[in-house]
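Residues per chain, in single letters:
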Amino acid sequence: MFGTPIRQLMGGDGPTLFRHDSPGVHNHEPSLMLVNLWIPLQQITQPLVFADGRSIDRERHQLRYGLATNSFLEREDDVDINDIWMFLHDSGQRWFFRSDMDHRSAYVFNTLSTPHGAGVLPGESLAERCSRALEAGESAVERGDAPGLVEALGDLDGTQTPEQATPALRDAIDGMLALADEARSDPEAVCGPMARDWVGRARAARRAVVRRSIELRVVVSVDH
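Reference entry: report on the structure contained in this document. Keep in mind it's a predicted model, so treat the numbers as computed, not measured.

This paragraph deals with the overall build of the protein chain. Scanning the protein chain from terminus to terminus reveals eight helices and ten strands. Here the protein chain has a C-alpha radius of gyration of 23 Å; the compact-globule value for 224 residues is 17 Å, and the former is much larger. The principal-axis extents of the C-alpha atoms in the protein chain amount to approximately 70 × 40 × 30 Å. Here the protein chain holds 224 residues, and 42% of them are scored as buried.

This is the structure in structure tokens:
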């Protein structure tokens, strides 16, 4: 509420106009709220997570953080660093997420009071390895390079999906590993008559582990 870009956009009046909770200060009187409408298209990886605000000690856990936005937003120099929050880990905190959400449901929450962020799930590093290996395998198939296909997927031989992974992420990893096994078992066929089909399925499997979402910020007026 007190940082960039809200300070510049609101001429310093943001903390007075909007409901918010910050370390050491809050304002619950205004009727205006800055609301986040977040629609996941898929969030098997990097899901949006929320904290139970009652489990957060804002004075001890909530820290200011400057997020550089010049790589993905077109802004003037004086507002290209977003002032946002990070939260120190504490065993008493309670965080929640749903990894299998899609566009049929959405989150609506007070952006200025609700601790939230992207989570990293057990198994995501393996999902990335599988995705990169399949991508290299697709290139080999498109070249008709059967030895290259086997080499690209060799790192996945004997790989096991982590038990701690969510069901949705386990299914996605298992699907990529199955495609790798299929290609290694008959690389000549995959590089030949099965090429188009296998590449299509591999690309779909890789897309399934990329987080995609639609996010809107809306100013709303609420009753007290």
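After that view, the rundown keeps rolling.
Moving on, we get to the pairing of strand S3 (residues 32-42). In terms of strand pairing, S3 meets strand S10 (residues 212-221) through ten bridges, oriented antiparallel. Each bridged residue has a counterpart across the sheet, and for Leu32 the counterpart in S10 is Ser221. Note: S3 against strand S8 (residues 107-110), four bridges, orientation antiparallel. Within S8, the position partnered with Leu37 by the bridge is Val108.

Our focus in this paragraph is the packing of helix H4 (residues 124-143) against helix H6 (residues 167-185). As a packed pair, H4 and H6 sit with axes 10 Å apart at the nearest point and diverge in direction by 30 degrees. Classified by the angle their axes make, H4 and H6 are roughly parallel. Read as a crossing pair, H4 and H6 show a hand that is left-handed. For the pair formed by H4 and H6, the contact residues are Glu124, Leu126, Ala127, Cys130, Ser131 and Leu134 on the first element and Leu169, Ile173, Met176, Leu177, Leu179 and Ala180 on the second. Split into classes, the residues belonging to the contact of H4 with H6 amount to ten nonpolar, one polar and one charged.

Bringing the sheet that holds strand S4 (residues 48-51) into the picture now. Strand order in the open sheet made by the three strands is S7-S4-S9, with antiparallel pairing throughout. Strand pairing shows two members of the sheet lacking a second neighbour, strand S7 (95-96) and strand S9 (116-118), which therefore form its edges.

With respect to topology, three strands assemble into an open sheet ordered S8-S3-S10, the strand pairing being antiparallel. Edge strands, defined here as strands with exactly one partner in the open sheet, are S8 and S10. Ignoring strand direction, the axes of neighbouring strands in this sheet form an average angle of 25 degrees.

How each quantity is defined
- Each chain carries its own residue numbering, running from 1 in the written order of its sequence.
- Restriction of local features to residues with pLDDT of at least 70 applies here, the model being predicted, together with a cutoff of 80 or more for giving and counting side-chain atom pairs; totals for whole chains, interfaces and linings are based on all residues.
- Note: side-chain values were computed over all heavy atoms of the structure, leaving out hydrogens and water.
- Secondary structure is summarised from DSSP: a helix means a run of H or I of at least four residues, a strand means a run of E of at least two, and numbering begins at the N terminus for each.
- Here the globule rule is a power law, 2.2 Å times the number of residues to the power 0.38, and the radius of gyration is based on C-alpha atoms.
- Burial classes: relative accessible area under 20% of the type maximum marks a residue as buried, over 50% as exposed, and values in between as partly exposed (1.4 Å probe, protein chains only).
- Strands pair, by our definition, only if DSSP identifies at least two bridges between them.
- Between N-to-C directions, angles cover 0 to 180 degrees, with each direction set by a line fitted to C-alpha atoms, over the stretch in contact for helices.
- Should an angle lie under 35 degrees it is considered roughly parallel, over 145 roughly antiparallel, and from 65 to 115 roughly perpendicular; all remaining angles are considered oblique.
- Two helices crossing with the near one rotated counterclockwise from the far one by less than a right angle form a left-handed crossing, whereas a clockwise rotation gives a right-handed crossing.
- Working rule for contacts: check all heavy atoms of both residues, and any pair within 4.5 Å makes them a contact.
- Throughout this entry, Asp, Glu, Lys and Arg are counted as charged residues, while Ala, Val, Leu, Ile, Met, Phe, Trp, Tyr, Cys and Pro are counted as nonpolar. The remaining residues, Gly among them, count as polar.

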